[in-house]
Amino acid sequence: QGQRARVSSCSSRCCSSVGPRGGLLSLQQRGRRGAAAVALRAKDSEKDGGDESHTVEMAGSVSAPPGAGKRGAEWFNSFLKRFKPVQDKSDNVTALQFEKPLFELDKRIIEVKKVAEENGVDVSSQVAELEARASQLRHETYSRLTAMQRLQVARHPNRPTFLDIVLNITDKWVELHGDRAGYDDPSLVCGVGSIDGTTFMFIGQQKGRNTKENIHRNFGMPTPNGYRKALRFMRHADKFGIPIVTFVDTPGAYAGKKAEELGQGEAIALNLREMFGLRVPILSVVIGEGGSGGALAIGCANKMLIMEHAVYYVASPEACAAILWKSREKAGEATEALRITSKDLTELGIMDEVIPEPLGAAHSDPAGAFAMLKQALMHSWDDFKDLSEDEIRLQRYAKFRKLGEYIENKDEAVPIGAGTVGPGDSPSIDEDWTEVPDQPEGLQQGYRDLLLAAEKVAQMEEKSKNNGAGAAAFGATSRSNGTSHKQVNTNV
């Protein structure tokens with residue numbers, strides 16, 4: 001009440017003040033004077049322990065009840081506490097089903113510390129034992145996660161999003177908007193930023209934290225306008241020689257009626273084609289879930305990285321279960337069969353590197369995850385910063401050409417329909433399926449040039465003793481130089 005009384009008296013005096021030209025002061029000036037008086041009064045009351053004799057007002061002195069300044073300072077401090085970081089992290093973090101024992105143990109440790117502090121008892125040894133037990137339990141829990149549990153971690157509502165990451169790993173960041181066609185898709189964010197003095201073009205899919213923000217971001221599912229915006233800034237980066245870093249975190253491209261009318265398939269296909277022709281290095285990081293063509297539309301990169309608890313799939317396990325078993329209850333089996341975890345993807349050669357996460361995943365220690373991601377990103381950039389434009393495009397082409405498996409010796413294969421195919425057997429391929437049409441004029445010469453360039457890149461890789469995925473792809477391409485013309489035509 002004393003606070004409101006002083007604000008009212010200050011406002012009334014400001015209203016009666018006369019400006020230099022004889023008119024009343026503007027409402028904005030009066031508001032500034034009143035706010036300044038309240039701030040100075042609260043500040044002085046904190047310094048003087050609530051002594052009102054030292055209170056200063058912009059519009060003159062006025063008497064106030066004893067203790068009113070102290071109450072105002074307490075109210076002001078309580079208001080500012082709303083904007084401070086949460087002290088108890090568990091109050092603001094969603095616990096998954098398998099994480100609940102960990103949260104209970106952490107809560108118990110906090111309670112023991114609080115009771116010991118209130119009673120002045122030394123329980124440091126007991127607390128250290130509980131903390132060691134919690135760390136061991138957390139390690140055991142996250143070291144044996146199933147594929148379905150990893151999928152839940154990848155979808156965790158507190159998992160760092162693209163903007164969380166880019167704002168914490170960059171020194172400078174400027175967001176860019178618009179697809180130059182009248183729309184700016186908020187689910188796909190683009191911008192220019194610098195890390196350790198190196199400028200990058202950052203492109204990433206953005207999810208929300210709550211229902212309102214998820215609706216605004218369309219749950220991280222870009223529309224055709226979003227992919228066209230991404231392509232616009234990829235071309236911009238290609239024009240000015242800026243390396244591109246993409247962050248994948250989407251359940252898939254938006255499949256609504258409006259998106260199909262606007263050409264969702266065409267927008268994704270155009271991105272796929274154009275990304276293979278860009279002259280700058282492209283690094284792609286899967287930070288959450290990468291679903292279907294919506295992830296691939298910004299994921300045709302020279303090097304693909306994935307965070308430890310992220311997933312990457314051609315169709316969501318729920319959709320796969322609905323198609324194969326006509327029931328979403330089989331999502332767990334579908335998750336195992338799809339092999340969507342980071343470990344499976346690196347074994348299959350789809351992902352090049354796994355970025356480790358802190359113990360308890362990225363949502364439990366975002367700062368630690370940011371540091372690990374930044375280190376992996378800059379280390380990957382070092383592998384490509386000295387390559388020429390042709391070598392960059394060739395490496396990207398070779399990386400995707402080597403994906404998948406094929407049969408070299410048909411005699412060792414089991415013909416289709418000749419019996420049950422065992423786990424180690426492979427069905428034979430009919431030659432009619434692989435007939436090569438007449439090749440355009442000049443194609444052979446272009447392929448020879450491609451092989452020469454690949455051999456040059458392979459030699460450079462051997463000299464630098466780089467055993468990355470790029471070197472393996474180049475070596476495979478170089479070895480194919482001695483194959484028959486029929487095999488060459490088949491590869492083309």
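For the structure, see preceding data.
Residues numbered from 1 in each chain as written. Predicted model: local features only at pLDDT ≥ 70, side-chain atom pairs only at ≥ 80, totals over all residues. Heavy atoms only, no water.

Details of the packing of helix H7 (residues 162-169) against helix H16 (residues 366-382)
For the pair H7 and H16, interaxial distance at closest approach is 10 Å and the crossing angle is 70°. One finds that H7 runs roughly perpendicular with respect to H16. Along its contact with H7, which presents Asp164, Ile165, Asn168 and Ile169, the element H16 presents Phe370, Leu373, Lys374 and Leu377. For the contact of H7 with H16, the residue count by class is five nonpolar, one polar and two charged. (Axes fitted to C-alpha atoms, helices over the stretch in contact; angles between N-to-C directions. Helix = DSSP H or I, 4+ residues; strand = E, 2+ residues; numbered from the N terminus. Parallel < 35°, antiparallel > 145°, perpendicular 65-115°, else oblique. Contact = heavy atoms within 4.5 Å. Nonpolar A, V, L, I, M, F, W, Y, C, P; charged D, E, K, R; others polar.)

Here's the deal with the pattern of salt bridges
Within the structure shown, the criterion is met by 20 salt bridges. The salt bridge partner of lysine 374 is aspartate 196, with a shortest N-O separation of 3.8 Å. Of the two residues, lysine 374 sits in helix H16 while aspartate 196 sits in the loop between strand S2 (188-195) and strand S3 (198-205), which places them 178 residues apart along the sequence. With a relative accessible area of 52%, aspartate 196 lands in the exposed category. The closest approach of N and O atoms between lysine 303 and aspartate 383, which form a salt bridge, is 3.8 Å. Taken as a pair, lysine 303 in strand S6 (residues 303-307) and aspartate 383 in the loop between H16 and helix H17 (389-401) lie far apart in primary sequence, 80 residues in all. Given the relative accessible area of 11%, lysine 303 is considered buried. Taken together, the salt bridges that share partners define one network made up of Arg155, Lys207, Asp249, Glu289 and Glu318. (Salt bridge = Lys/Arg side-chain N within 4 Å of Asp/Glu carboxyl O. Buried < 20%, exposed > 50% of the residue type's maximum accessible area, 1.4 Å probe, protein only.)

Some remarks on the packing of helix H6 (residues 147-154) against helix H14 (residues 331-338)
To characterise two packed helices, one gives the angle between the axes of the helices and the distance between these axes. Put simply, H6 and H14 touch, their axes get as near as 8 Å, and they point 95° apart. In terms of axis orientation, H6 runs roughly perpendicular to H14. Every residue of H14 that contacts H6 at Ala147, Met148 and Leu151 is listed here: Ala331, Gly332, Thr335 and Glu336. A per-class count over the contact of H6 with H14 returns four nonpolar, two polar and one charged.

Remarks on the environment of glycine 288
Summarising the element assignment, glycine 288 is placed in strand S5 (residues 282-291). Placed 134 residues apart in sequence, glycine 288 and alanine 154 show a C-alpha to C-alpha distance of 4.8 Å. Once residues within four sequence positions are removed from consideration, glycine 288 is found in contact with Ala154, Arg159, Val248, Asp249, Ala310 and Val311.

A few points about empty space enclosed by the protein
Once rolled over the atoms, a probe with the size of a water molecule shows which space is left empty. In the structure shown here, the tally under the stated rule is one cavity of 30 Å³ or more. For the largest cavity, the full set of lining residues is Arg159, Pro160, Ile165, Ile287, Met307, Ala362, Ala369, Phe370 and Leu373. Among the elements that take part in the lining of the largest cavity, H16 stands out by supplying three residues, more than any other. When the residues that make up the lining of the largest cavity are grouped by side-chain class, the tally is eight nonpolar, no polar and one charged. (1 Å grid on protein atoms, 1.4 Å probe; cavity = no way out; pocket = protein on both sides within 12 Å on 5 of 7 lines; lining within 4 Å. Points joined across faces, edges and corners; volume = space filled by probe spheres on them.)

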